Amino acid sequence: MTRPDLLALTPDALAALANRGLVKRAVKELDAGVVPTLESDAAGAVQGKFPDGTTTTLPPGTTLEAARCSCGASGVCRHRIAVVLAYQRVQEPSAPAELWSPGAVTDDDLVALMGERTLRRARRAFQAGYRARLRRPTAEDQTAQAELPTCTVTFLVPGDLSYVHTDAVTKQEATALAVWAFREADAQGTDTVDVGGSPTTAADLSAVADLLDQLLLDGATHASEVLDVAWQRLHRDLTAQRLHWPAAVITDLLAQLSAYRARSAGYEAEQFAALLTELHARITATGHRAEVLGPDEPAETPLRRVRLTALGARVRTENTADVYFASGDVVLVQRDTPLRTGHRLAASNVVSESATRSASRVVALKTSRVAKTSLTPVGTAWDHLPQALVVDDYDAEAARLAELPPRQVRARVEAELVRVVRVAEVSDLVYDPAAQRITATLHGPTGGTCVLEATHRAVAPHSLDALAAALRAGPTVITGSVRRHRGGLVVDPVAVRTEAGVVVLDLATDTSSQPLPPGVTASDPLSASVDSALTVLAEAAHRGLDHLTDSLLTRVREVGAHLRRTGLRTAADRVTAFADAPAAATWLSAHLRLLVTADAR
């Protein structure tokens, strides 16, 4: 009796069930001749006897973790993996299996797996609604994967729900949500799908609109600390309703106000204005609740066992950094990590049994006496990342970015556009001393090109020198955030891999000065006019609409006229309308149009 479940387990699937080190060790021992003697019974159980006397039995319908092995190891051991690999080696090659979708799983199958009580809990999440991004099986890789708001679910063996892997503690509920996501996607013929739920309504958030208008009229300069209490109460209410994205905007708004009152460099008028407009966009937009307001999930979800591949770090303050991790098809970020810890994490593979993940893809690695967290060098792990995180075709990635909804109403997730960019060659490496910016042209494996841009920041004084040295050393992979500009792709680098290893730019300390050819960043009249208009409108929000001066309104009319001369007529009309009738509604309309225009450049 052939065991199709064992034949379907790829090395990556086995690594998900155990870890890549155990898989490599099992392969090495098999290649060295330490091969178990295999026997099968009529029921389909496969037994392997090793030369050292260890016996491993893999019954059908039983996970590898639950299978019997005389070595006494808890969990999946190298003997279980070796029996699977040895069994695959002695089987005759079979015809490629028909591609399968988890959407074919029925609710009766789910009840048999988890029981009606657990399925009812999953149905409550379904009724609230959520967004899922799916990766379907291919002839080369028959695993199917669903990226849910707070976890990743992978179907390792076609048609067999006993081989479902997820990093969430609530594995069975996550499995049901993933099945329903595939079912909806099969019906729609898409790979990104909104499941369950209902459209949002602005009426539910009228209290937010009232406070927003008041803050815009007062401005950061005149905002009363008494009003902060109302914002904090509103934040608690939104959090209780699991409206995560508006609640997160309010958190950032209060942080900006606090920074302004403390005369901190953390306050930026442009950021304050952008947050006001984002909050307005979210409470007035009509769309799927999970995308605009946030999924109906807890603020934090505990993870059972998570494997992360670090992609570098970005220093935020003199003492903290954000560390980026690849997890499945998405990037997670650990915010405000102490620099000492960041140095250890930023170029490591991490396996943790004590972690939580938020709906905004913030991961927290916690210390525990019981649960373990282990670190190993990142090595070649970037070569094995899911294709969803890898950019080989620069033009295709730019086209994908162009199709995204405006970020003011997209899911408010961290590190949304951090990617792993493969590089074949670097050219045109120059430094603009006026802007303190390095630019270079990256040539991709498929022949396209994109622009790399990195600007000096005081909190990372050695970053540009480290980048220049790494670019001259012939990088093969660059991690960083990507954006679209004038139809092309622009990369803001975080880490670079060369033959010498991985360089995390912001954390580099042992660097020497790297003289570069001087270059001047080309000016873009359209971008300059939009940026000028955003600056003027941000100043209006900073001062408060009840405290505008005639000179500021004159500047608003001037930037409106400049927008018209560059061909941005709709933006010009809205800016001019604000100058003619200063009010919260006209300011929000003009600023939102400018933000969307800026992102679409």
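No experiment lies behind these values; they were computed from the predicted model shown.

K.L.:
Would you mind going over the overall build of the protein chain with me for this structure?
P.N.:
Counting secondary structure elements, the protein chain contains 19 helices and 25 strands. Here the protein chain has a C-alpha radius of gyration of 27 Å; the compact-globule value for 601 residues is 25 Å, and the two agree. Taken along the three principal axes of its C-alpha coordinates, the protein chain extends 90 × 60 × 45 Å. A burial count over the protein chain gives 49% of its 601 residues as buried. Split by element, the accessible area of the protein chain, about 27100 Å² in all, is 51% carbon and sulfur. Side-chain charges in the protein chain split into 63 positive and 70 negative, and the spacing between the mean points of these groups amounts to 4 Å.

K.L.:
Whenever I open this one, the pairing of strand 11 (residues 306-315) confuses me. Can you help?
P.N.:
When a strand is regular, its side chains alternate between the sheet's two faces. With 9 of 10 residues buried, strand 11 is to be regarded as a mostly interior element. Here strand 11 pairs with strand 14 (residues 348-352) via 4 bridges, running antiparallel. By the bridge assignment, V306 is partnered in strand 14 with S352. Across 6 bridges, strand 11 lies against strand 12 (residues 320-327) in antiparallel orientation. Following the sheet pairing, T309 is matched in strand 12 by A326. Between strand 11 and strand 12, which follow one another and run antiparallel, lie 4 residues.

K.L.:
What am I meant to see in the state of the cysteines here?
P.N.:
Disulfide: a covalent bond formed between the sulfur atoms of two cysteine residues. Evaluated as defined, the whole model comprises 0 disulfides. This cysteine, C69, is not joined by any disulfide, and C71 carries the nearest cysteine sulfur, 3.4 Å off. A relative accessible area of 32% places C71 in the partly exposed class.

K.L.:
Which parts of the structure should I look at to understand the packing of aromatic side chains?
P.N.:
Any two aromatic rings considered together are summarised by their centre-to-centre distance and by the angle between their planes. According to the stated counting rule, one finds 5 aromatic pairs in the structure shown. With a centroid separation of 5.5 Å and 65 degrees between ring planes, the pair formed by F126 and W180 is classed as edge-to-face. Note that F126 is positioned in helix 6 (residues 116-128) and W180 in helix 7 (residues 171-188), a separation of 54 residues in sequence. Of the residues examined, F126 reaches a relative accessible area of 31% and is grouped as partly exposed. The exposure class assigned to W180 is buried, which follows from its relative accessible area of 7%. Members of the aromatic cluster, connected to one another through ring pairs, are W100, F155 and F182. Across the ring face of Y260, the terminal group of R263 is positioned such that the distance to the ring centre comes to 4.9 Å.

K.L.:
What exactly am I supposed to notice about the side chain of D329 here?
P.N.:
Residue placement: D329 occurs in the loop between strand 12 and strand 13 (330-338). Contacts of D329, omitting those with residues within four sequence positions, involve R133, R135, Q145, E147, P386, A388 and L389.

K.L.:
Hey, could you run me through the pattern of salt bridges in this one?
P.N.:
Opposite charge on two side chains makes pairing possible when the charged atoms of those side chains draw close. Under the counting rule described, the total for this entry stands at 37 salt bridges. Its salt-bridge partner being D107, residue R183 comes within 3.1 Å of it at the nearest N-O pair. One end of the pair, R183, is in helix 7; the other, D107, is in helix 5 (residues 107-114), and 76 residues separate them in sequence. In this structure, R543 engages E539 in a salt bridge whose closest nitrogen and oxygen atoms are separated by 2.9 Å. One end of the pair, R543, and the other, E539, are both in helix 16 (residues 525-543), 4 residues apart, so they sit about a helical turn from each other. Residue R543 is classed as partly exposed on the basis of its relative accessible area, which comes to 27%. The structure contains a network of salt bridges with shared partners spanning R316, D322, R335, D336 and E414.

K.L.:
Mind showing me how you'd approach the sheet that holds strand 15 (residues 355-358) here?
P.N.:
The strands that make up a sheet are held in pairs by hydrogen bonds between backbone atoms, and each pair lies either parallel or antiparallel. If you trace the 3 strands from one edge of the open sheet to the other, you get 10-15-16, paired in antiparallel fashion. Looking at which strands have only one partner, the edges of the open sheet turn out to be strand 10 (300-303) and strand 16 (363-365). In this sheet, neighbouring strand axes are inclined to one another by 25 degrees on average, regardless of whether the strands run parallel or antiparallel. Here 4 bridges tie strand 10 to strand 15, and the two strands are oriented antiparallel to one another. Across the sheet, residue L303 finds its bridge partner in strand 15, namely A355.

K.L.:
For this particular structure, what's the right way to read the sheet that holds strand 7 (residues 152-155)?
P.N.:
The strand order across the open sheet built from 5 strands is 8-7-6-5-9, with neighbouring strands paired in antiparallel fashion. Each edge of the open sheet carries a strand with a single partner, namely strand 8 (164-166) and strand 9 (192-195). Averaged over all neighbouring strand pairs, the angle between strand axes comes to 25 degrees, with direction disregarded. Relative to strand 9, strand 5 (residues 130-135) runs antiparallel, the two sharing 4 bridges. Following the sheet pairing, Y130 is matched in strand 9 by V195.

K.L.:
How do you make sense of the environment of L119 when you look at a structure like this?
P.N.:
With respect to the element layout, L119 can be found in helix 6. Assessed through its relative accessible area of 0%, L119 is described here as buried. In sequence terms L119 and L552 are 433 residues apart; their C-alpha atoms lie 59 Å from each other. If we skip the residues at most four places from it in the chain, L119 touches D107, L110, V111, M114, A176 and W180.

K.L.:
Is there a simple way to explain the environment of K24 in this structure?
P.N.:
Along the chain, K24 falls in helix 3 (residues 20-31). Given a relative accessible area of 53%, K24 falls into the exposed group. Linking K24 and R78, residues 54 residues apart in sequence, is a C-alpha distance of 9.2 Å.

K.L.:
Any chance you could explain the packing of helix 6 against helix 7 here in plain terms?
P.N.:
Packed helices, taken two at a time, are described by the angle their axes make and the gap between the axes. Closest axis-to-axis distance for the helix 6/helix 7 pair is 9 Å, and the angle between their directions is 50 degrees. By the angle between their axes, helix 6 is oblique relative to helix 7. For the crossing formed where helix 6 meets helix 7, the hand is right-handed. On the side of helix 6, the interface is formed by T118, L119, R121, A122, R123, A125 and F126, while helix 7 contributes Q172, E173, A176, L177 and W180. Taken together, the residues of the contact of helix 6 with helix 7 sort by class into 7 nonpolar, 2 polar and 3 charged.

Parameters and conventions
- Residues numbered from 1 in each chain as written.
- Predicted model: local features only at pLDDT ≥ 70, side-chain atom pairs only at ≥ 80, totals over all residues.
- Heavy atoms only, no water.
- Helix = DSSP H or I, 4+ residues; strand = E, 2+ residues; numbered from the N terminus.
- Rg over C-alpha atoms; globule rule 2.2 N^0.38 Å.
- Buried < 20%, exposed > 50% of the residue type's maximum accessible area, 1.4 Å probe, protein only.
- Areas by Shrake-Rupley, 256 points an atom, 1.4 Å probe, with all protein chains shown as cover.
- Lys, Arg positive; Asp, Glu negative; His and termini not counted.
- Charge placed at Lys NZ, Arg CZ, Asp CG, Glu CD.
- Pairing = 2+ DSSP bridges.
- Disulfide = S-S within 2.5 Å.
- Phe/Tyr/Trp six-rings, centres within 6.5 Å; stacked < 30°, edge-to-face > 60°.
- Lys NZ or Arg CZ within 6 Å of the ring centre and 35° of its normal.
- Contact = heavy atoms within 4.5 Å.
- Salt bridge = Lys/Arg side-chain N within 4 Å of Asp/Glu carboxyl O.
- Axes fitted to C-alpha atoms, helices over the stretch in contact; angles between N-to-C directions.
- Parallel < 35°, antiparallel > 145°, perpendicular 65-115°, else oblique.
- Left-handed = near helix turned anticlockwise from the far one by under 90°.
- Nonpolar A, V, L, I, M, F, W, Y, C, P; charged D, E, K, R; others polar.

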